[in-house]
Amino acid sequence: MDPAIWSRLPEEILDHILSLLPLKTFMNLRSTCKRFDSLIFSPSFISKHSSAPSLLLLSHPHFPSRVGVYDAATASWRSISPRAAATLLSSSNGLFCLRNSSSLLISNFLTKSSRPIHFPTFPFDFDSLTLISTESGYSIFAHCSRSSFVYSSAAQSWSQFDGFSPALSESCRQEGVFFRGSLYFTTQEPIQIVRFDVRTGEWGSMETELPAGISFARLVSDGERKLYLVGGVGNNGISKTVKLWELDGGGDWVEIERLPEMMCRKFVSVCYHNYEHVYCFWHQGMICICCYTWPEILYYKVGRRTWHWLPKCPSLPEKWSCGFKWFSFVPQLYALV
């Protein structure tokens, strides 16, 4: 261990050695010197730690000390016990938003980093909350009874917008779908699509005509490129089939797929035609369709154009109640809190 020898160790070899450390250990070493801190931008470090598997997380308010984790790469389940007494609320591009008794908490589970976000008012009672994480930072949208709040990580402050969409009041449990600078929501009867401009705080309606005979509707976005519509088609609020549409360049909904009959029967029986419990999200090329009352995911693989049911978590008890909430977790090393 002669310092005269080790001080001449080529930087690329040192980078490679340090990249083999567990991520948590390396993050603790970053503060020891500028060289180690800048290593996070090293190609060898990025290539090693950017391949973390994407996961699906399942939580339930009756089991706060246990979270189900599904690894699609290995098609396996495991359970984890959260360290903090906090409730998962929303996820976006590697970040999670949680809530404890005194604040919100933005966390990157990969880097083990977190930041408390103080409530804009106290008590802070909101109907729905959406986390929006982009390359330039993150925002938190909270919809309350008569106003909306938006937190900006760039400004590190909340903004309050007193205008709100009355049509959203009955659908306030939904998270918004972020697409091209706005959050989109679907309403109950009469079904329509409303949007909230995150930058200006203005509400508006989507002018695009919805497909005929639609009995419920949910939106999914793959980011900034495509917007999808998942909906049931039937009569008198009863869905006979479930279809998938994509918004084309002309602003029209184009049908691209429909759910096979046997899978549709199971989905309808799970929902009991109570579609306010249905929610959707995007996860690594999959459109996931979930229900608060059922611990399984119905998902559509966009690339392969195939439908599947995710196997039920084996650690769940035999009896359960409404409250299942799924989250997409795609680890991002550079998702800063």
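Under an unreviewed UniProt entry, the name given to the protein chain is F-box domain-containing protein, and the organism recorded is Linum tenue.

(A) Helix α6 (residues 261-271), seen in detail. When α6 is considered as a whole, its buried residues turn out to be Met263, Cys264, Phe267, Val268, Val270 and Cys271. Each buried residue of α6 sits inside an arc of 155° when the element is viewed along its axis, so together they form one side. Turned more than 90 degrees from where α6 packs its buried face, Glu261, Met262 and Arg265 sit exposed. Buried residues along α6 sit against β16 (214-221), β18 (238-247), β20 (278-283), β21 (286-291), β22 (294-301) and β23 (306-309).

(B) The nonpolar core, seen in detail. Counting 22 residues, the largest nonpolar core has Val230, Leu259, Phe267 and Ile289 as the members making the most contacts within it. Of all the secondary-structure elements, those providing two or more residues to this core are β16, β17 (227-235), β18, α6, β20, β21 and β22. Those residues within four positions of Val230 in sequence are excluded, and the remaining contacts are Phe216, Ala217, Arg218, Val220, Val242, Lys243, Leu244, Trp245, Cys280, Ile287 and Ile289.

(C) Highlighting the pattern of salt bridges. For the structure shown, the criterion picks out eight salt bridges. Its salt-bridge partner being Glu246, residue Lys226 comes within 4.0 Å of it at the nearest N-O pair. Of this pair, Lys226 sits in the loop between β16 and β17 while Glu246 sits in strand β18, and the two are 20 residues apart along the sequence. Here Arg258 makes a salt bridge to Glu255, at a shortest N to O gap of 3.5 Å.

(D) How the structure looks around the sheet that holds strand β5 (residues 95-99). In spatial order, the strands read β4-β5-β6-β7; together these four strands make up an open sheet with antiparallel pairing. The open sheet terminates on both sides in strands that have one partner only, identified here as β4 (87-92) and β7 (113-118). With direction set aside, neighbouring strand axes in the sheet form an average angle of 25°. The sheet contact formed by β4 and β5 spans five bridges and is antiparallel. Note on β5: the bridge partner recorded for Ser92 is Leu95.

Calculation criteria
- Residues numbered from 1 in each chain as written.
- Predicted model: local features only at pLDDT ≥ 70, side-chain atom pairs only at ≥ 80, totals over all residues.
- Heavy atoms only, no water.
- Buried < 20%, exposed > 50% of the residue type's maximum accessible area, 1.4 Å probe, protein only.
- Helix = DSSP H or I, 4+ residues; strand = E, 2+ residues; numbered from the N terminus.
- Arc of directions from axis to C-beta.
- Contact = heavy atoms within 4.5 Å.
- Core = buried A, V, L, I, M, F, W, Y, C linked by side-chain atoms within 4.5 Å.
- Salt bridge = Lys/Arg side-chain N within 4 Å of Asp/Glu carboxyl O.
- Pairing = 2+ DSSP bridges.
- Axes fitted to C-alpha atoms, helices over the stretch in contact; angles between N-to-C directions.

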